[in-house]
Each structure stands twice: as structure tokens, then as C-alpha cells.
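These are the residues of each chain, in order.
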Amino acid sequence: MRKKKIIGAIVMLGLTASLFVGCGGSNTESSGKSAETLKLTSGGALKTIDSVKATDEVSHSVTQNTQETLLVYNDNKPVPGAAESYDKSKDGKTYTFHLRKGLKWSDGKELTAKDFEYSWKRLLDPKVASQYAFFLFKVKNGENYFNGKAKVEDVGIKATDDNTLVVTLENPVPYFDQLVAYPNLAPQRKDIVESQGDKYGSDPSKLVYSGPFTVSNWQKGSKFELKKNPNYWNAKDVKLNEVDFMELTEQSTIYQMFTNNQLDVMGGQGEFLAKLQQGAKDGKWNEVTGTAPSVFYGQYNIKSKNKALSNPKVRLALSIASDREGYTKDVLKRAIPAYGLVPQGIAVGDVDYRDKVEQPLKKVMNEDPKKLLIEGLKEAGLDPDPAKHTFKFLLQTSDATAKSQGEFMQNTWKQKLGVNIELVTAADFSDFLTKLDNGDFEIASAGWGADFNDPITFLDLFGKSNTNNTGKYNDAKVNELLEKLNTETDNNKRLEMYKEIEQIEVVKNPAVTPTYYKDIHSFQKKNVKGLQLPKFGGTYQLRWTSIGE
């Protein structure tokens, strides 16, 4: 699913400076008490604060901190949120969520199970066309409703009273509790949504919030701000009064602000990584390291006007020719070269998938990519001379970091394949997402962060019914295997099917050219405590964050 992202979500993640690039700062009042204001960089432009339509990591960061899902992620595990508890039937098909009593929206009105029923069904509404609709396709008649084959009242999502939500699935879903904790499944108020129509999610002053914070200000293209929600059920344990996000992408600017104590957290890459690591060694700030379940890749638009991309050999040639080692070592100066779609740390039951399955590209890296390219061009009925072909490569932003990364790929493909690469820059991350959604690209510098802990969060991205499949990839065998996985609960069999799907999507009929897996290098000022960088959902979990002296 991604899911966006995750869907969610999309997480669409860019080949830019947004690798956990975030910053926090505190102000001290005259009384000597901390004002508890955290200042962060968002890692990109905020596109929407409509949880149903959110597809990217920035939007998910806002949603998961301003709206309360039934379960929420704490240290990457679902814990009670709006739901105090839940029951699961013996056959694994029915979940009954029991909401906390006394839940309120930010305007003081009661929050009920009906708000969840409304938002979840809105996620599936074909007129809304949410890219995360597939998150609920496993719900009884969820996919049928989305495809116009069932009525909304037939969907297995029912509020039986103000404090009880009953969800009936078509088949058991091993990771369903993880889906419930994802930002796209936050509640929404029908009266608020319908009063704004298509503009819902664009004006924070006209929304209501159920989470620890509200969106108090949004200056598009510049910054957005969160403030503590006094009507949140657990407001007494929320330490931050305000969180200010600045939409900065230039690493030089971020580094300067961080070292000048204007920001308290940032992610480092390129020339700045070594400087930041030295500062951590010198005791100036702390460094948090680790791996993140995210993969970055060049996504192919199979239905673009460039007929060469319709041929699997052409796409595989571009993938084999990609210099992942050089890219991570010399350009990013961090990250892990990717030869598959699923990163380390994603499990099938209790088994790490990557420990059991070799990355599929490693088996074909010795093939001659130029020879493969020429074969593919001939099969497509095109001129076999590589120099006669130009591929457009869409970058996520227009900043210097994105351009330097794009130029590396441009030069590599030119040298190894002899093709021409035209770099296309998006105005900002929001513009990039719009182009991706509209299929306005040939190859896009995209990526995906896990929505939950199962390989399918990456592998079903390119299923024919996945609303995040913006490149219009369609492979009959992949679709067949994804369909079988809907009813398969044996983890050993699931692992083998995952292996086959990844082999197809990466080698036999490539949907993408994997580039790298994200690692974590988060540099945080010593007074920042409890800031979580979730593996699933948005970049930040802020409800347990505080700023010390």
C-alpha cells in the first residue's frame, strides 16, 4: 500500500536535501522559562492539510501531529490514540474500536465514531479520488465502492454508537492495526468538509483539529506553524506550545541557521555531513543515526510520449547503467546503494525480508547496459542509435542540491549509454507532486517510505489498482500475485510471492530504477528531547517532544 504514503504515503520522498532535514529551536522568556517553541525545516513544500488527500511526507507530518487517529505510532509501534482499546474477532475479519469518552475537536464540539466512519468512507469515495483509497480496499466492499460496484452503505465501516467503530474486512490483514495508525485514517467532520467543498484542506483557519496541535498559520511557499491544542484529550502531557516549520531546501542555508542556533535539528548530507559529525564529536550537538525504511528511485512513466520507455529492456538498461555506489559516495556522501525495492528492516512476520531475499538487480549488474538498450530500441521499432534518443528526467525541486544530483544521473547515463538526458525541474515539492499525479513526466526522481512494516507497502505500489501508480505500470503476473496475497496468511508463502513480485518490478519488467535506501543522520541540539523520527508516516512525531534548558 504507501500506502503514500503511504499511501502513504506517498511517501513521495525526493532526491533533495530532505533526508530528515528538520530543525528545532527554543526561545527563552524573561521569566527564564522555556517558551517551548520548536523550529523545524519541513523538507519540502506543504501541499494539503486534508488528511484524506495527503500523499507526501510533509503533509503526513502535519496530519499526524494535528489529527488523532484511532491508534498512533510511538517508537514505531501502534498504541492507543483516539481509541482506548479494540477487539479483534477470532477469524481476524472484524475489528471493534472503543473510543475514549470525552474526545473533542479544537472548536469544543464532541468527536465521535461517526467522524471516523465519515472520513474513512470519504477516503474510498471515487469522487474524491484519494491516492490512499487503496489503504481500505481490504475492508468489505471498500474496493467495490471505489470502483462504483457497491454503495457506500455496503462498506464494512459502521459507527454503532458515538464511541464504537466496527470495521469488517474481506479477509484477515496481518498489518491492519498499522494501517489504522496511519495519518490518512484520521477523523474528519462532515459539516466542515462539506461547507468548503474542493477548497477543504487549503485554509487552516477553516479546519478543526483532533490532535495535539492545530495549524495556526500557513504562508504557502514560506512556512507553516502549529500551536498546542488545548482541547486535545492528552493536552496536559504535550510540552511544546508551538512548532514552526520553514520550507527550506538549500543545505547551505539550513546549515548556517543550525550553527547560528536558529535551528536545533537538521539532517546532513554532501559536504555538510562531515562538518556536522565533527560538531557532534566536539559535543556541540547530538547525532542520531540509523536506517529508515525508504527507497529512492527513478520512476518510469510507461505511458509517456517517449515510446522507448515502453520497452522493458530499455528501462532495465537505464537501471543497470545507474552508478549507485558513486552517487551515494560522491554526491550524497551518505545513504545505502539500492539494488531492490525493499530496504532492510521490513519484516514478513518475524523475519527480515532482506535477510532472506537477495536484491534482484545484483544478479544482472554484469550485463552490458548499452547492448541491452540497443536491443530494446529495436524491439520497440525505434532507431537503435542511442544518441538519437532523449529522456526527460523530472527533479523534485529547482535548488542546487537537486540539480547536482540530477546532473550526476545525466552524466552517468550519457557516458554509459550514449543517450541524452534533459533535466526538468519542478518549482517546488508541491509542484513535483502535481506533475507526478498528472503523469507529466518520463522519468521522475521519486521515492517511497514505508507506510507500515510489511514488504507489500513497497511492492503493491505498481499494482494496476493502486492509486499511487502514476507511471501506469501494468504487469499481469504482478497483478495476479497481488490478488493472491489478499487471501494468503502464511508468511512463508507470502515471502516467496513478494520475492517474485520484486524480481518482476525491478528486473523482468522494471517499474523503477532503484537508487538508494535512506539512512538517518539527524543532528539535534542538546536541549531537544523526545523528538521521534517515525519509520512510518510523516517525518516527525512531536507529541512527546520537549525543549530543556
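Remember, predicted model here, so these are calculated numbers, not experimental data.

Peer 1: Where do I start with the overall build of the protein chain in this structure?
Peer 2: Along its length, the protein chain carries 16 helices and 21 strands. For the protein chain, the C-alpha radius of gyration of 23 Å lies close to 24 Å, the compact-globule estimate for 549 residues. Each of the three principal axes of the protein chain carries a C-alpha extent, and together these read 70 × 60 × 45 Å. Taking all 549 residues of the protein chain together, 61% fall into the buried category.

Peer 1: For this particular structure, what's the right way to read the sheet that holds strand E6 (residues 157-161)?
Peer 2: Backbone hydrogen bonds are what pair the strands of a sheet, in a parallel or an antiparallel way. Pairing is antiparallel in the open sheet, where four strands are placed in the order E4-E5-E7-E6. Strands at the two margins of the open sheet, each flanked by one partner only, are strand E4 (83-88) and E6. With strand direction ignored, the average angle separating the axes of adjacent strands in the sheet is 20 degrees. Of the pairings in the sheet, the one linking E6 to strand E7 (residues 164-168) comprises four bridges and is antiparallel in character. Bridging across to E7, isoleucine 157 finds its partner in valine 167.

Peer 1: Teacher, can you tell me more about the nonpolar core here?
Peer 2: Nonpolar side chains in soluble globular proteins tend to end up buried together. Formed by 148 residues in total, the largest nonpolar core has its most connected members in Leu70, Trp120, Leu165, Phe176 and Leu542. Of the residues forming this core, the biggest block, seven residues, is contributed by helix H16 (residues 491-508). Those residues in contact with leucine 70 that lie beyond four places of it in its chain are Pro80, Gly81, Ala82, Ala83, Phe97, Leu99, Phe116, Trp120, Leu165 and Val180. Core analysis: the next-biggest nonpolar cluster, separate from the first, contains 12 residues, Met246, Phe258, Leu263 and Leu273 among them.

Peer 1: What exactly am I supposed to notice about helix H8 (residues 312-321) here?
Peer 2: Along an α-helix, residues three or four apart share an orientation, since each turn contains 3.6 residues. Here H8 lies mainly inside the structure; eight of its 10 residues are buried. Those residues of H8 not exposed but buried are Val314, Arg315, Leu316, Ala317, Leu318, Ser319, Ile320 and Ala321.

Peer 1: Before we go on, may I ask you to explain the pattern of salt bridges in this structure?
Peer 2: Here the idea is simple: oppositely charged side chains can pair when their charged atoms come close. Throughout the structure, instances matching the rule amount to 18 salt bridges. The shortest N-O distance in the salt bridge between aspartate 383 and lysine 388 comes to 3.5 Å. By relative accessible area, which is 37% here, aspartate 383 ends up partly exposed. For lysine 388, a relative accessible area of 56% corresponds to the exposed category. Between lysine 477 and glutamate 480 there is a salt bridge, with its nearest N and O atoms 3.5 Å apart. With a gap of three residues between them, lysine 477 and glutamate 480 both fall in helix H15 (residues 476-485), about one helical turn apart. What makes glutamate 480 partly exposed here is its relative accessible area of 35%.

Peer 1: Teacher, can you tell me more about the pairing of strand E3 (residues 77-80) here?
Peer 2: As a general feature of sheets, a regular strand has side chains that alternate between the two faces. Pairing analysis gives four bridges linking strand E2 (residues 71-74) to E3, with the strands arranged antiparallel. Bridged to leucine 71 within E3 is proline 80. Where E2 hands over to E3, the hairpin turn is made up of two residues, of which aspartate 75 adopts a positive phi near 55 degrees.

Thresholds, definitions, all that
Residues numbered from 1 in each chain as written. Predicted model: local features only at pLDDT ≥ 70, side-chain atom pairs only at ≥ 80, totals over all residues. Heavy atoms only, no water. Helix = DSSP H or I, 4+ residues; strand = E, 2+ residues; numbered from the N terminus. Rg over C-alpha atoms; globule rule 2.2 N^0.38 Å. Buried < 20%, exposed > 50% of the residue type's maximum accessible area, 1.4 Å probe, protein only. Pairing = 2+ DSSP bridges. Axes fitted to C-alpha atoms, helices over the stretch in contact; angles between N-to-C directions. Core = buried A, V, L, I, M, F, W, Y, C linked by side-chain atoms within 4.5 Å. Contact = heavy atoms within 4.5 Å. Salt bridge = Lys/Arg side-chain N within 4 Å of Asp/Glu carboxyl O.

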